[in-house]
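Observations on the three-dimensional arrangement
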Amino acid sequence: MPQNIGFQLSRVPRLWRAVIDRRLAPLGLTQTRWITLYHLWRLGDGQPQCDLARAIGVEAPSLVRTLDQLSEQGLIERRGCDQDRRTKRIFLTEEATPLLQQIDAVVNQARSEMLAGLDADDVAHLASLLSRIEENGLAIQAREAQE
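As the structure is a prediction and not an experimental result, all values here were calculated from the model.

1. Describing the side chain of Asp104
- Looking at the secondary structure, you find Asp104 in helix H5 (residues 96-114).
- Apart from the residues lying within four places of it in its own chain, the contact partners of Asp104 are Tyr38, Trp41 and Arg42.

Set out below in structure tokens:
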């Protein structure tokens, strides 16, 4: 088994995001901002702030500053939750739509270029292997949390 597979698994997402970051920089978007907007768009409006943070892979308090910035830009709104006044739900504004379409085009183009030379079966197999690795990692975490 290749010894550097762990390094490759960590390098590829960083490289992928770096390509997208560079292409989105002219739009004035930092990585944290475009990733937050993109996740909210994919998950759907009205996500609780804590669920959005979990989907992105950050702690909820870490997301607050990014949401403040996006709110100041007029791209999102925070609204209280009827069932729990402590919870804030996040909504995209109409102003975010054209920007999200640009983000989506950049992400799709980068994906196409990053996966160049792989056919649909290759991509499906890669996705299956990555899912298996992720499941193994989650099982290890769960097992070690019980120890």
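2. Description of H5
- In this model, H5 (19 residues) spans 26 Å end to end at C-alpha, consistent with the 27 Å of a helix rising 1.5 Å per residue.
- Inspection of H5 places Ala96, Leu99, Leu100, Ile103, Asp104, Val106, Val107 and Ala110 among the buried residues, and these make up the whole buried set. Buried residues of H5, viewed axially, fall in a sector of 170°; they line one side.
- If you follow the buried residues of H5, they end up packed against helix H1 (5-24), helix H2 (31-43) and strand E3 (88-92).

3. Here we look at the sheet that holds strand E2 (residues 76-80)
- The sheet built from three strands is open, its strands ordered E1-E3-E2 with antiparallel pairing. A single partner strand is all that each edge strand has here, and the edge strands are strand E1 (47-48) and E2.
- Pairing between E2 and E3: five bridges, direction antiparallel. Within E3, the position partnered with Ile76 by the bridge is Leu92.
- Against the sheet, H2 makes contact with E1, E2 and E3, and its axis sits at roughly 95° relative to E3, the strand it touches most.

4. Points about the pairing of E3
- Summarising the sheet, E1 and E3 pair through two bridges and their orientation is antiparallel. What sits directly across from Gln47, in E3, is Ile90.

5. Notes on a nonpolar patch on the surface
- A contiguous nonpolar surface patch, about 460 Å² in accessible area, is contributed by Ile5, Leu9, Leu118, Leu126, Leu130 and Ile133.
- For the nonpolar patch, the secondary structure elements donating two or more residues are H1 and helix H6 (120-146).
- Mapped onto the fold, Leu130 is located in helix H6.
- For Leu130, a relative accessible area of 39% translates into the label partly exposed.

6. Quick look at the packing of aromatic side chains
- Considering all chains together, one arrives at two aromatic pairs under this definition.
- Pairing Trp34 with Tyr38 gives two aromatic rings, centres 6.4 Å apart and planes at 65°, and the pair type is edge-to-face. Taken together, the positions of Trp34 and Tyr38, both in helix H2 and four residues apart, correspond to about one turn of that helix.
- Trp34 gets classed as buried once you look at its relative accessible area, which sits at 5%.
- Ring plane angle 55° and centroid distance 6.0 Å describe the contact between Tyr38 and Trp41, whose orientation is recorded as tilted.

7. Points about the packing of H2 against helix H3 (residues 49-56)
- Contact geometry of H2 with H3 gives a least axis separation of 10 Å together with a crossing angle of 110°. One way to sum up the angle between H2 and H3 is to call them roughly perpendicular. For the pair H2 and H3, the crossing hand works out as right-handed. For the pair H2 and H3, the contacting residues are Ile35, Thr36, His39, Leu40 and Leu43 in the first and Leu52, Ala55 and Ile56 in the second.
- When its residues are assigned to classes, the contact of H2 with H3 shows six nonpolar, two polar and no charged.

Rules used in this analysis
- Residues numbered from 1 in each chain as written.
- Predicted model: local features only at pLDDT ≥ 70, side-chain atom pairs only at ≥ 80, totals over all residues.
- Heavy atoms only, no water.
- Helix = DSSP H or I, 4+ residues; strand = E, 2+ residues; numbered from the N terminus.
- Contact = heavy atoms within 4.5 Å.
- Expected span 1.5 Å × (residues − 1).
- Buried < 20%, exposed > 50% of the residue type's maximum accessible area, 1.4 Å probe, protein only.
- Arc of directions from axis to C-beta.
- Pairing = 2+ DSSP bridges.
- Axes fitted to C-alpha atoms, helices over the stretch in contact; angles between N-to-C directions.
- Patch = residues over 30% accessible without salt bridge, like charges linked within 9 Å, V, L, I, M, F, W, Y side chains within 5 Å.
- Areas by Shrake-Rupley, 256 points an atom, 1.4 Å probe, with all protein chains shown as cover.
- Salt bridge = Lys/Arg side-chain N within 4 Å of Asp/Glu carboxyl O.
- Phe/Tyr/Trp six-rings, centres within 6.5 Å; stacked < 30°, edge-to-face > 60°.
- Parallel < 35°, antiparallel > 145°, perpendicular 65-115°, else oblique.
- Left-handed = near helix turned anticlockwise from the far one by under 90°.
- Nonpolar A, V, L, I, M, F, W, Y, C, P; charged D, E, K, R; others polar.

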